[in-house]
Amino acid sequence: MNTPAHVLLAVAMAGKPDARGRNTALVAGALFPDITMFFMVGWERWVNGMSLDAIFRDAYFSAFWQEVFAVNNSAPVFALMLVVGIALRADWLWAFGLAALAHALLDLPLHNDDGHPHFWPFTDWIYSSPISYWDPDHYGVQAGWVEAGISMVLAVILLRRFIGIPARLAIVAGLAIELMFSVGGHFIYGEG
Ligand SMILES: [Zn+2]
C-alpha cells in the first residue's frame, strides 16, 4: 500500500483523541517501514544525481538498499515490539509495533517484484505476489482503486473520531496524498 494508507489504517485501528503519545507512535510505526525508501530516493536523487526512473529501476534493487530495507520491514521485529509493549504496558511501544507490523503484513501480498524479506532475520525469502499495489502489469490499477476506497472509509472513521481542527486537516491532507498516489498516478500516465 501507499504510505498514507498505512498511516490512516494504523490510527483507525488504535488511535484515540486523548492519547497523544499513542497516536504519535501509531503514525511513526506506520511510516517507519518506508522511511529508508524515502531516504534512498533523496540520497540517490540529490546526492548522486540519479533520475527517478533509474532509482526505481536500479538503485532500489541494489544489494545495499535491499539489505537496508530488510532491516526496517521485519515483521518478527515488529511483532516482538508489540508483545513486549503489551507486557510492559508501554503504550508507545505496542502502538509502534502494531502499526509497523500491520504495514509489513499488508505490504506482503501487494508487491510483485519489489517486495521485501518480511521475515528477516530468520529467512531472506521474498514473496512475489500476483498483485501489486501500483504496477499496472499486475492489477495495480484495480488495487489502487480498492486502496483508494478503503482509505476513504478510514478517513471518514477518523473524521468522526477526531474533531479537532489540526487533526481533521491532517486526515484530509493524508487522504489527498493517498488518492494522488493510488489513483492519480495512473490517470497521469494514462494507465487503466
Ligand atoms: Zn511499505
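Residues numbered from 1 in each chain as written. Predicted model: local features only at pLDDT ≥ 70, side-chain atom pairs only at ≥ 80, totals over all residues.

Undergrad: Residues and numbers for the overall build of the protein chain, please.
TA: A tally of helices and strands in the protein chain yields eight helices and zero strands. Beginning at the N terminus, the succession of helices and strands in the protein chain can be written as α-α-α-α-α-α-α-α. Radius of gyration (C-alpha) of the protein chain: 17 Å, near the 16 Å computed for a compact globule of 192 residues. Projecting the C-alpha coordinates of the protein chain onto the three principal axes gives extents of approximately 45 × 40 × 35 Å. Of all 192 residues assigned to the protein chain, the portion counted as buried reaches 32%. (Helix = DSSP H or I, 4+ residues; strand = E, 2+ residues; numbered from the N terminus. Rg over C-alpha atoms; globule rule 2.2 N^0.38 Å. Buried ≥ 20, exposed ≤ 12 C-beta atoms within 10 Å, placed from the backbone.)

Undergrad: Go over the nonpolar core, please, and point to the residues and values.
TA: In this structure, Leu8, Ala10, Leu26, Ala99 and Leu101 are the most contacted members of the largest nonpolar core, which totals 33 residues. Looking at this core, the elements with two or more residues in it are helix H1 (3-14), helix H2 (20-47), helix H5 (75-87), helix H6 (91-107), helix H7 (140-161) and helix H8 (165-188). Per-element tally for this core: the top contributor is H6, with nine residues. In contact with Ala10, not counting residues within four places along its chain, are Leu26, Val27, Gly29, Ala30, Ala99 and Ala102. (Core = buried A, V, L, I, M, F, W, Y, C linked by C-beta atoms within 7 Å. Contact = placed C-beta atoms within 7 Å.)

Undergrad: Outline unusual backbone geometry, supporting the account with residue identities and numerical values.
TA: Note that the residue after Trp120, namely Pro121, is joined by a cis bond; omega there is 5°. Positive phi is not limited to glycine here, since Tyr139 has a value of about 60°. Tracing the chain through its elements places Tyr139 in the loop between H6 and H7. A count of 17 C-beta atoms within 10 Å places Tyr139 in the partly exposed class.

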